[in-house]
Each structure stands twice: as C-alpha cells, then as structure tokens.
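# Summary of the model geometry
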Amino acid sequence: MKILKISSFMLVALLVLSSCGSKKKSATTGWDYNNSEWGGFEVSNYNEQPTNPGLVFIEGGAFTMGYVTDDSRFQWNNTAHTVTVSSFYLDETEVSNVSYREFTYWMQRAYGEEYPERVKDIYPDTNCWRDKLAWRESFVDYYFQSPIYDEYPVVGVSWEQANKYCAWRTDRVNEKILVDMGIIVLDQTDLRGETAFQTDVYLAGQFRGESGKNELANLDPAAGGEPRQARREDGILQPSYRLPTEAEWEFAALGMIGSTVDERIIEHKTYPWAGHSLRSANKAYYGQFLANFKRSRGDAMGVAGNLNDAWDYTAPVKWYFPNDYGLYHMAGNVSEWCMDVFRKDVDPVGGEDLDPFRGNVYKAPVYIDDEIAINDTTGSIIYQNEDVDLNRRNYRQANNINYLDGDYASNIYDYDGQSAITEWVAAGGEDEEEGGDEEEEGSNLDNPDSVTNMMYRRNAPRQSDVTSLTNNKVRVIKGGSWKDLSYWMQAGTRRFYDQDKGTSWIGFRCAMDRLGPRAGMK
C-alpha cells in the first residue's frame, strides 16, 4: 500500500510538471494554455487529491448527530438532529508518542538554541499522570520517552499544542513533496527557525531556503525565462492538517457507511461498531471487549488469567478492531480533541446544518509596504484578525465564536433594537454617560470584552460577572477513555476541557479537508 501511494503521488507530480508542455486550448477564448507564445496562462493536469500519510478517506453524508439513547446524565447538551458532513480525511489512529516525539525533536533542532520557549511550550505535560491517591511515577518518567510506549497514544497534550503539531505536520509533508520533485533542496545541516520550510511562507513567495534543479518553468513572457516556485494552481501542495470538527469526529466514529443499503440506514449505531453491546458478536471472538474502558469502579482490565479488555491504562493505537472506515479507537483508549468551542446547545436555532462548526476566527496576513510581513526571528507570517472588510453579507467580523450565542445580534436583552448596554443601564446599571452606548461609540458590538458574552453574564457585560463554567477557551472532547465507564463509549456523548491544559486521558488525531469530488474513490 505504501509503494502504491508513493507511486501514485509521483505520477501526479510528473503530470503536473509535464503540464508546461501541454497544448490544451481555452474553451472561452481558443487561446493555447501552457504556451508562452499565447501569454503563458498555465493549467495543471492535476485532478485528484492523493491520500496523505496516516490518513483515511471518510466519505461524507447526512446522519443523525447527538444522543440516540437515553441521556443518563440529564445534561441535554447534544439532542439528536440531522446534519450533513462533507467528505474529509482523518487519521487512522490516534497520534502516537513516537510521532509526537518526532515533532518535538524537529522543533528542538529548528528553534531550541535561539527560541527555547517555543520548544518548551510543545512538550506534553508528563505530570498529568499523577494523582494524589495513586502511584503512577513510572508513567511520569517513561510513558512519553520510553520506546516501549512508542505506539501508544500521546497524552498530556493541550488543544493548543495539538494545533501546533498539525501545523508542523503540514509543513513537513509539503516540504517532502517539493523535495521529492526537486523543486527545493533539503538542507538540514544548518536548520534554523527563520530558514525552516513553512507552507504559507513558501506560497507567499518568501521561502528563504535553496531552490532545486527542477523549479517549475515560468511561461509568463514577462518573466524572461526565470523559473518559479510552485503555486496553489499547480495542485502540488496539500491542504493543512487540522483537528476534526465535532460533527466530523462523531460521523467518522459511527462509521455509518457499514450500516446502509442504498440510502437506507438499516441500523443506527450507538458505538463505532454494529450492535448495542461493548462485546464482540463475532463467533471467533465472541464476548471479547471491543474498546479499552473501565468496566466498573475498581475493575479497569478484568481478573488475572482472563483479563477483559487487557489494558488498565492506554493501549497501543492499533488495537481491537477498527470501525467500518478503518479507524481505530474511536471509542475508548483516550478521548480526543475537536476544533469546536464548547457550547451546551450544539444545534442552536438558525445554526448551520452543513459542516457545522463553532469557533471561526478569520485571520489575514499583515502587509507592510504591499508585502506580507514576516517575523524575522521565526520566519513565520504575521497574522491579524480580518476585521477590515465589514461590508459583507456572510460575516461582519473576524471572531464569530459567539454568533447566535451571546453576541449583540442574538442578545436576549435586545428586543427593541437598542444596544445591550442601553438595556442594562435602563435596568439600573451604571449611568449611560460613563458606560457609553456601544453603537454610538463606534466600537465593535461583538467584541468579547463588551457585549459578546452577554448570554453568559449575570446582569452586566463585565468580565468579572461571568457565571457559566464554559467560555471561549474550552474545547469539545469526544470519545471515552481508559478511565471512563461504558456510557462515554457512545459516539454521541461529549464533554469539554480547557484548551491550554492536557490530561492523561485526552489525546488527538488529525484531519484534512477533501478537495473536489466527495464520492468514494473507485
């Protein structure tokens, strides 16, 4: 399979490179494509997205998201509703210790000498294993470092650290693509942060590394025959790795593709496998557990001589049976980070039913003298919130985390079109002259420090008055873990955790957008 994937990708690369010699014609003008004599407009022959290392294709579709059994905790935070999830890619397994160690090793080489704080920030919190009334010091010392645990899921990683891993992985995969094609040269002898390959920096035309012998021909007559870098239009570079959304994770966990006939779902799953039991119905493995979880208080793995799930803590990332998409441990072992900011109501009135997600904060590069600004120390692009273009219909601000959930537009106090501050003042708050009217002052009505979190405040828009246990800094986690009871093995259950903290029972896996055709690849 690895040889096949590599061969397929190299074939795509050759097609892209050969596109310069193609003499396709425009159906609009009749002019030649890929011909410098006709202006040099280039059209790539690339028309398929390869499956990148570690990923599995997840064919999307409609499904019932949320609880399909009784909500035994009576939280009512994930009532059943129908949504559609577009096709995407998801890691076959949870990210392992050895994979994450590769990340920390590379970051140490690139940034450790000059920017040690960047490296310190990405290491897992190995002290997360400690418990005031349990002995787990061997896990503190060995779980992340020892080769014995190489293929076990990394834990102690925060949501923020998981996102940094995704960014690093994106850059390494795209760097290898360009190196294999000879477009850039791999030089690791003097690796420094400002010279390290970063996909967005390369696409901005500010890559500081060395070009290879196979740089692409620039067919623009004005280029004077000088070669060029790869562009998005060439179809060579791959989309970014990222965390899955909550909807994507739950859809992939259920693996409904194995329970459908035409468009009929013949059995709505509770778990990632068929049936409503945590034990295998396969005669060869009848009665054996299908996930790594806690059977009951005091019973983490069974009785010696006939252990039930055989694992007291985590298990290797490829253990038990995968679901119908070929994904391992979508129930049990470790819970997993999702991209979404947590809200109790996962399906707000007016919410999106196609690829739902809460957490959009749109960014744009900073420009200085018409050039994208680069941080001179790390070589990274400088980004800022995209709040400059407010004359839009689809969004009016960069930060949309609280849209329809505490922002000015959906504020429960705003019945007559007045600002939330005015309503609060009228109810007996501080005087209007001192507090000011947000709209008259011209400030952003959805600023997180002003009116944005009204739904989560007691009676005034002041940060000290927040009363909810959830805020914009907590993220959704899905899937049960080694320390959870069977209830959490259901794909519909959900919890939240602070995005800047890690635990011994939360890991993660990466996702990637599927470009182009959504149907299963033949």
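Reference entry: report on the structure contained in this document.

### Notes on the overall build of the protein chain
Within the protein chain, the secondary structure is distributed over ten helices and 18 strands. Burial analysis of the protein chain (522 residues in total) assigns 48% to the buried set. If you take every contact in the protein chain between residues at least 6 apart in sequence, the share linking residues at least 24 apart comes to 68%.

### Comments concerning the packing of helix 2 (residues 97-111) against helix 5 (residues 159-180)
The contact between helix 2 and helix 5 brings their axes to 11 Å, and the two run at 75°. The pairing of helix 2 with helix 5 is recorded here as roughly perpendicular in orientation. Touching S99, Y100, E102, F103, W106 and M107 of helix 2 are Q161, K164, Y165, W168 and R172, all from helix 5. Residues that form the contact of helix 2 with helix 5 fall into these classes: six nonpolar, two polar and three charged.

### Topic: the sheet that holds strand 1 (residues 55-58)
Taken together, the four strands give an open sheet; going across it, the order is 1-4-18-5, and neighbouring strands pair in antiparallel fashion. The strands lining the two open edges of the sheet, one partner per strand, are strand 1 and strand 5 (241-242). In the sheet, strand 1 pairs with strand 4 (residues 88-91) via four bridges, with the strands oriented antiparallel. When the sheet's bridge partners are listed, I58 is paired in strand 4 with F88.

### Thoughts on the nonpolar core
Formed by 60 residues in total, the largest nonpolar core has its most connected members in Y100, W129, L178, I183, Y202 and F508. For this core, the elements supplying multiple residues, two or more each, are strand 1, helix 2, helix 4 (137-142), helix 5 and strand 10 (335-341). Among the elements that take part in this core, helix 5 stands out by supplying eight residues, more than any other. In this structure W129 touches R136, F139, V140, Y143, V155, Y313, T314, W482 and S504, once residues within four positions along its chain are discounted. Of all hydrophobic cores here, the second largest spans 24 residues; its members include F63, F88, A252 and C338.

### Let's talk about the side chain of Q490
Note that Q490 resides in the loop between strand 15 (474-478) and strand 16 (494-498). Polar side-chain contacts of Q490 include one of 3.1 Å to the backbone oxygen of Y487. The residues contacting Q490, other than those within four sequence positions of it, are T69, T270 and Y271.

### Some remarks on the environment of E246
Looking at where E246 falls in the secondary structure, it is placed in helix 7 (residues 246-254). Taking relative accessible area as the criterion, E246 reaches 2% and is therefore assigned buried. Other than its neighbours up to four places away in sequence, E246 contacts M65, N78, C338, D340, V346, V476, K478 and R494.

### Topic: the pattern of salt bridges
Applying the stated rule across the entire model yields 21 salt bridges. R228 serves as the salt-bridge partner of D234, at 2.9 Å between the closest nitrogen and oxygen. Its relative accessible area of 5% is what places D234 among the buried residues. A salt bridge links E250 to K478; the nearest nitrogen and oxygen atoms lie 2.8 Å apart.

### With respect to the sheet that holds strand 16
Strands sit in the order 16-15-10-17 across an open sheet of four strands; the sheet is mixed. Of all the strands in the sheet, the pair left with one neighbour each is strand 16 and strand 17 (506-507). Note that strand 15 and strand 16 share five bridges and pair antiparallel. From the neighbouring strand, V476 faces strand 16, where its bridge partner is F496.

### A short note on helix 7
One turn of an α-helix holds 3.6 residues; hence residues three or four places apart share an orientation. Most of helix 7 sits out of view: nine of its nine residues are buried. Those residues of helix 7 that fall on the buried side of the exposure criterion are E246, A247, E248, W249, E250, F251, A252, A253 and L254. Downstream of helix 7 by one or two residues, G255 has phi in the positive range, about 55°.

### Things to note about unusual backbone geometry
Trans peptide bonds make up the majority, and among non-glycine residues the majority have a negative phi. If you check the backbone angles, Y320 has positive phi at about 60° while not being a glycine. The phi dihedral of D370 is positive, around 65°, even though this residue is not glycine. With respect to the secondary-structure elements, D370 resides in the loop between strand 12 (367-368) and strand 13 (371-372). By relative accessible area, which is 76% here, D370 ends up exposed.

### Let's talk about a negative patch on the surface
On the surface, D345, D347, E352, D353 and D355 cluster together into a negatively charged patch. The residue D353 is located in the loop between strand 10 and strand 11 (363-365) in this model.

### A word on the side chain of S87
In this fold, S87 is placed in the loop between strand 3 (81-85) and strand 4. Within polar-contact distance, the side chain of S87 engages the backbone oxygen of R518 at 2.5 Å.

### Overview of the packing of aromatic side chains
Taken as a whole and assessed by the stated rule, the structure comprises 36 aromatic pairs. Here Y100 and F103 contribute two aromatic rings whose centre-to-centre distance is 5.2 Å and whose plane-to-plane angle is 80°, an arrangement assigned as edge-to-face. On the criterion of helical spacing, the pair formed by Y100 and F103 is a turn pair, its members being three residues apart in helix 2. Put simply, the rings of W129, F139, Y143, Y149, Y152, W311, Y313, W319 and W482 pair up and form one aromatic cluster. A cation over an aromatic ring shows up here: R118 above the ring of Y111, its NZ or CZ 4.2 Å from the ring centre. Stacked on the ring of W106, the Lys or Arg R172 has its end atom at 3.9 Å from the ring centre.

### Details of the state of the cysteines
Counting across every chain of the model gives zero disulfides. Between C510, a cysteine without a disulfide, and C166, which holds the nearest cysteine sulfur, the sulfur-to-sulfur distance is 3.6 Å.

Scoring rules and cut-offs
- Residues numbered from 1 in each chain as written.
- Predicted model: local features only at pLDDT ≥ 70, side-chain atom pairs only at ≥ 80, totals over all residues.
- Heavy atoms only, no water.
- Helix = DSSP H or I, 4+ residues; strand = E, 2+ residues; numbered from the N terminus.
- Buried < 20%, exposed > 50% of the residue type's maximum accessible area, 1.4 Å probe, protein only.
- Contact = heavy atoms within 4.5 Å.
- Axes fitted to C-alpha atoms, helices over the stretch in contact; angles between N-to-C directions.
- Parallel < 35°, antiparallel > 145°, perpendicular 65-115°, else oblique.
- Nonpolar A, V, L, I, M, F, W, Y, C, P; charged D, E, K, R; others polar.
- Pairing = 2+ DSSP bridges.
- Core = buried A, V, L, I, M, F, W, Y, C linked by side-chain atoms within 4.5 Å.
- Polar contact = N/O pair within 3.5 Å; in protein donor to acceptor, adjacent residues only side chain to side chain.
- Salt bridge = Lys/Arg side-chain N within 4 Å of Asp/Glu carboxyl O.
- Patch = residues over 30% accessible without salt bridge, like charges linked within 9 Å, V, L, I, M, F, W, Y side chains within 5 Å.
- Areas by Shrake-Rupley, 256 points an atom, 1.4 Å probe, with all protein chains shown as cover.
- Lys, Arg positive; Asp, Glu negative; His and termini not counted.
- Charge placed at Lys NZ, Arg CZ, Asp CG, Glu CD.
- Phe/Tyr/Trp six-rings, centres within 6.5 Å; stacked < 30°, edge-to-face > 60°.
- Lys NZ or Arg CZ within 6 Å of the ring centre and 35° of its normal.
- Disulfide = S-S within 2.5 Å.

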